[in-house]
Structures are given as structure tokens and as C-alpha cells.
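# Chains, contacts and geometry: an overview
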Amino acid sequence: MRPDHEIIIVGAGFGGLGAGIAAKRAGITDFLIIERAADIGGTWRDNTYPDVAVDLPSFTYQFSFEKNPDWSRVFPKGGEVKAYIDHCADKYGLRPHIRLNTEMTARVWDERHHLWRIHLGDEVLTCRYVLTALGAFVDPLKPDIPGLDEFRGKVIQTSRWDHEHDLTGERVAVIGTGSTAVQMVPKVAKVAKRLTVFQRRAIWVFAKPDLKISPTVRKLFARLPFTQSVVRTVTAAVVEALLVGVIVSGKPGSVIARGAERGIRAYLRTQVKDPELRRKLTPDYGFGCKRPSVSNTYYKTYTRDNVELVTEGIERITPTGIRSRDGKLHRVDTLILATGFRLSNDPENYRKVPVKGRDGFDLADFFATEKVQAYEGVSIPKLPNSFFIFGPFSWTGSSWHVMVETQSYHAMRVITEARRRGATAVEVSQEANDRFFEFAHRRASRSLLFSNNCSGANTYYIDHHGDFSLLRPTTATQAWLSSRRFSLDDYRYRTLTAGATGATANGEVRSEWLSPTTKSS
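Residues numbered from 1 in each chain as written. Predicted model: local features only at pLDDT ≥ 70, side-chain atom pairs only at ≥ 80, totals over all residues. Heavy atoms only, no water.

## Describing the side chain of Ser394
Counted only if it meets this: Going along the chain from the N terminus, every DSSP run of H or I of four or more residues is numbered as a helix, and every run of E of two or more is numbered as a strand. Each residue is assigned to one of three classes by its accessible area relative to the maximum for its type, calculated with a 1.4 Å probe on protein chains only: buried under 20%, partly exposed between the two thresholds, exposed over 50%. Polar contact is defined as a pair of N or O atoms within 3.5 Å, subject to the rule that within protein one atom must be able to donate a hydrogen and the other to accept it, and that residues adjacent in sequence are counted only when both atoms are side-chain atoms. Throughout, a contact is declared for two residues whenever any of their heavy atoms are within 4.5 Å.
Following the sequence through the fold, Ser394 ends up in the loop between β20 (386-388) and α12 (400-421). Residue Ser394 is classed as buried on the basis of its relative accessible area, which comes to 2%. In this structure the side chain of Ser394 is engaged in a polar contact, spanning 2.5 Å, whose partner is the backbone oxygen of Gly391. Those residues within four positions of Ser394 in sequence are excluded, and the remaining contacts are Gly377, Ile389, Met403, Gln407, Leu470 and Arg472.

## What about unusual backbone geometry?
Here the phi dihedral of Asn101 falls at roughly 50°; this positive angle occurs in a residue that is not glycine. Mapped onto the elements, Asn101 comes out in the loop between β3 (98-99) and β4 (106-110). At His114, a residue that is not glycine, the phi angle is positive and equals roughly 55°. Examined against the element boundaries, His114 turns out to sit in the loop between β4 and β5 (115-120). Residue His114 is classed as buried on the basis of its relative accessible area, which comes to 0%.

## A few points about the sheet that holds strand β15 (residues 321-324)
So the rule is basically this: Note on pairing: DSSP must find at least two bridges between two strands before they are called paired. Where helices are involved, their axes are fitted lines through C-alpha atoms of the stretch in contact, as for all axes, and angles between N-to-C directions lie from 0 to 180°.
Taken in spatial order, the three strands line up as β14-β15-β16 in an open sheet, and their pairing is antiparallel. With partners counted over all chains shown, the strands left at the sheet margins are β14 (314-318) and β16 (329-331), one partner each. Geometrically, the sheet is characterised by an average inter-axis angle of 20° between neighbouring strands, direction not taken into account. Across four bridges, β14 lies against β15 in antiparallel orientation. If you follow Ile317 over to β15, its bridge partner there is Ile322.

## Examining the state of the cysteines
To keep it simple, the criterion reads: Here, the term disulfide refers to a pair of cysteine sulfur atoms separated by no more than 2.5 Å.
Taken as a whole and assessed by the stated rule, the structure comprises one disulfide. The disulfide that involves Cys289 links it to Cys454, with 1.8 Å between the sulfurs. Its torsion about the S-S bond being -75°, the disulfide of Cys289 and Cys454 is classed as left-handed. Of this pair, Cys289 sits in the loop between α8 (275-281) and β12 (293-294) while Cys454 sits in the loop between α13 (430-444) and α14 (476-485), placing them 165 residues apart in sequence.

## Topic: the environment of Asp166
Mapped onto the elements, Asp166 comes out in the loop between β8 (154-157) and β9 (171-175). Separated by 115 residues in sequence, Asp166 and Asp51 place their C-alpha atoms 15 Å apart. A polar contact is formed between the side chain of Asp166 and the side chain of Thr168, at a distance of 2.7 Å.

## Concerning the packing of aromatic side chains
Applicable threshold: Any two rings among Phe, Tyr and Trp, with Trp reduced to its six-membered ring, count as a pair given centres within 6.5 Å; such a pair is stacked if its planes are under 30 degrees apart, edge-to-face if over 60, and tilted if neither. Placement of a charge over a ring requires the Lys NZ or Arg CZ to be within 6 Å of the ring centre, with the centre-to-atom vector within 35 degrees of the ring normal.
Throughout the structure, instances matching the rule amount to 30 aromatic pairs. For the ring pair Phe366 and Phe367, a centre distance of 5.9 Å and an interplane angle of 45° mean the geometry is tilted. Note on accessibility: Phe366 and Phe367 belong to one class, buried. Among the aromatic side chains, those forming a connected cluster through ring pairs are Phe14, Trp44, Tyr61, Phe63, Phe65, Trp71, Tyr84 and Tyr92. The ring of Trp116 has Arg107 sitting right over it, with the charged end atom 4.6 Å from the ring centre.

## Digging into the sheet that holds strand β13 (residues 307-310)
Across the sheet, which stays open at both edges, the five strands sit in the order β8-β17-β9-β10-β13 with parallel pairing between neighbours. Looking along the sheet, the strands with just one partner apiece sit at the ends: β8 and β13. Ignoring which end each strand starts from, the neighbouring axes of this sheet average 20° apart. Where β9 lies against strand β10 (residues 194-198), five bridges are found, and the strand directions are parallel. By the bridge assignment, Ile175 is partnered in β10 with Phe198. Across the sheet, helix α4 (residues 179-191) is in contact with β9, β10, β13 and β17 (334-337); its angle to β10 comes to roughly 155°.

## Details of the packing of helix α5 (residues 215-223) against helix α6 (residues 225-248)
A pair of packed helices is captured by two measures, namely the crossing angle of their axes and the spacing between those axes. Note the following rule: These descriptions rest on fixed angle ranges, namely under 35 degrees for roughly parallel, over 145 for roughly antiparallel, 65 to 115 for roughly perpendicular, and the rest for oblique.
Two elements in contact, α5 and α6, have axes whose closest approach is 4 Å; the angle formed by their N-to-C orientations is 110°. In this view, α5 runs roughly perpendicular relative to α6, as classed from their interaxial angle. Along the contact surface, α5 presents Leu220, Phe221, Ala222 and Arg223, while α6 presents Pro225, Thr227, Gln228 and Val231.

Printed below as a string of C-alpha cells:
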């Protein structure tokens, strides 16, 4: 049976587009990118709240093969990032391969024909290979707070911002103080009559060196691209030193972590003179337990006369406001929810959109009952012809784009090898998966998250099993090298032996294991 497409890529954010470019570079043109929304862009399509911006330097927040010399500033705004995404889709000819407003509702492995059946409501598409590029954050989380559904005012989720609603002169409440709130709160404070921010846990916030990039520097980048490559390498190394060097290295990183804490406390003292307010804004967990943020205005915003920080906790939401646990009722016209997202490795994602593999394998059950794992962050046993762009132990510290390129290259190496061998099904071996998991889990277990007062941080770095499986516990360079050097014999290759249907006269399916090769590439 010939499938509708050789590859279907799920998601048209940076991950999906990067995978599509990788497929083209591997000489594969029969691929389809399906996207549930009406436009491409993922996070940068959905998040348009006030002052949304990258919290990493622009030099690192781009593909290595498509460096943009025209970033206007060190930390570009969301609109500029979305324009870069559109540019990549156009330049690399991805638009004809993209199908919008197409939501996958289930995917099921067909062992009889060695292909995937992608359910799209009433429609079913078939493909030989699936690349899942959902990103780290799948759906916004609605907080479980009593009375939320009874609130009679306006409710806005930050990832579904209502630009038609004017906050000017309103009494506004924000629930959540993560990276989104750090960017959005100062802007809302300037127009709201009254802004009340409900904080469960404080966040470490660095000063933001958000400099404009002069036309002279941009011309230099355009004329001498290697100069931007040098800057990209340096900034990536700094970012990775803070993430991998501090978080992953464990106790050795505690020295840097304490230095970062001292620096941020000193910065906070320059922004907030009131010692009680400073105490509320200072995290009670160590640096590195949660993703830090950057801002030049966040701390200072709480010194405005029209802004209040509430740390007592929420008792319930009433039809007209929020009652905090100290008994005070805060009147609210508009409620803004900055309460985070469900992570891609959450089993509930695969309850909602089931993934069924070989021999009854169910991805939701696997993530719910087993330690979260995937070989090199890409493949899972009993999921043939299936690859993750963002899987467990895949996110490298320096840049999301480095991870996308690394994972995509890994997948294309395997698919290309399967085609070379004439295989119709390829699946990572249990032995290879176990070997990588033991390596990654051992390193991750020594992370600073387990030795730096992180138990009360409620960090998304720690999964539902209590493991640190979000970040790859190595450098980005090690991950890049591994994607090029892992043994292709870590996978098992099969081919159907009874013609295109894969069945004998009596309907029995037969597939043949192909002999391994000693080559690693």
C-alpha cells in the first residue's frame, strides 16, 4: 500500500519548519506539514500579548543556516520573530507543503502495511514516517481556582490576547508571575487604573541588555556573515553556561548560581527601595530551579502607586473580583491569566490525541507509568517510523534552534538509511534506548535542581515523575556531534516480504529483519 505522503510533520512552528527544511536537504520532497491553526508560527503566532519578546539574544535565536543580519535589537519583539518565521517558510519553499486548519485527533501504527494512519476528524491520511513537532508548550493551562467560571468580568488568557479589549482605566488583575508576566505586567500597569498581581512564587529577573543594533552593525553582518557567526557562538556559550553550566552540572554549578543570586539581589535593590516589597519579590528557592527572565522595568513597576503585589494566595474568585486568603476582596474588571502551559511530555496530551504504536503500545500510558524517556530525545521503542523534534532529554541549553537542527538531522539520517536498505519500518532498539536513558538520567539526577532548595519551586524542569527530563544534560555541541555519530545499528530495520500489502494468501503479515551494518553513518 502506497501511503499518501512519505513524511507527515505535525506542527508548523520553528520545529516543524526546521524539520521540513531538513527533509528537503535530505532530498525528500514528499512531505506534508499539518497545522491546527490558521497560520504558521506556533508560539510566535499565538502569543501577541503586550511587549512579547525573545528572552534570549537574537544572535542565538535563529537557525545556524539562516542567520538574519537585520535584527533590530538584541532581544527582538514577537512581531519581528514572526516575520523571520515567515521568511524561512518562503525562502525554503515550505508553503506548498503546509496544510493549515488541520488538527490531528489520533495517530495509529498500521503493522500490516508499515505506515501511520493520521486521523483528522472524519479524514484519515497515511504516511510512512511521522515527525512530531509540537514544541515544549502545547495548550494553555486554566488554573484550578474556585469561582473562576463565575467571574462576570472579562477574562484574557495571555496566549489568546484580545486586542479589541481596551484596558485603559480598568481595574486589572494578573494571576501568575512567570516569564510572560515579566514582559506583560509593566505595559499593563501603564494603562490600567489599578493593577493587582497575584504571585504564588517570585521569579529571578536579570537586568536586560536590550540594545538596539545599529545600521552599521547590521550592514557588517550582511556583508561579512562570519562576524555574526562569531557573535552567535559567543552569546550561545554564555547562555549555555547559565543553563547547562549551572543547572545540569549540579553542585559545581552552585558557585555560579550563588553569584547570579547576589547579582540579581543587588539589581533588585536599585529598583525597589522598600525592603518588604523586595522580600516579596525575592524567590525563596535557589537560582536555576526555574527558568529566569530578563527585564529592565518589571521590578520597578511594583513601586507605582497603581500597582499592588499580592502574595497571600487566592481563596476564590468572585463574580466581581478576587478574594485573597487574608480576607481582602480585590475588585476586578479584567482578569488576565498568565498561568503557563501543559508540557509536551504530559500524558494528558496523548489522552486527548492518542498515539498507538506496535503491539498495543500507547504513548499516554507509557509516559504515565514509565520514566519519561526517548533515545537521544528522538525515538521510542515500539513507535516505528516515529520521531520527536522535542522529546525527553532533547532541549539543549544554548538555543531552541540548535535543538531543532540536531533532532531533525538525527531523524533524516535514520530515514535516509531506511530508504537505502529498502526498509519499510525502522524502530530504535530497546537496548539503545536503555543505554541512552541510563546515561541521561544519571547525569540529570546530579542536577542542581536536586541540591539547591528547589523542592518548593514548582518548576516545569521537573516532570510528573519527579525527574529532570526537560533539558538534555550535555552541551549543545555534544548533542550536535551525537546526532552525526550515533550508530545507525541502534535502530532495527524491517521490510514487508509479501508484496505491497504485507500479507500472505491467508492474510498473515510477514516482515523481514534486515541485517545490521557495521557503519555508523
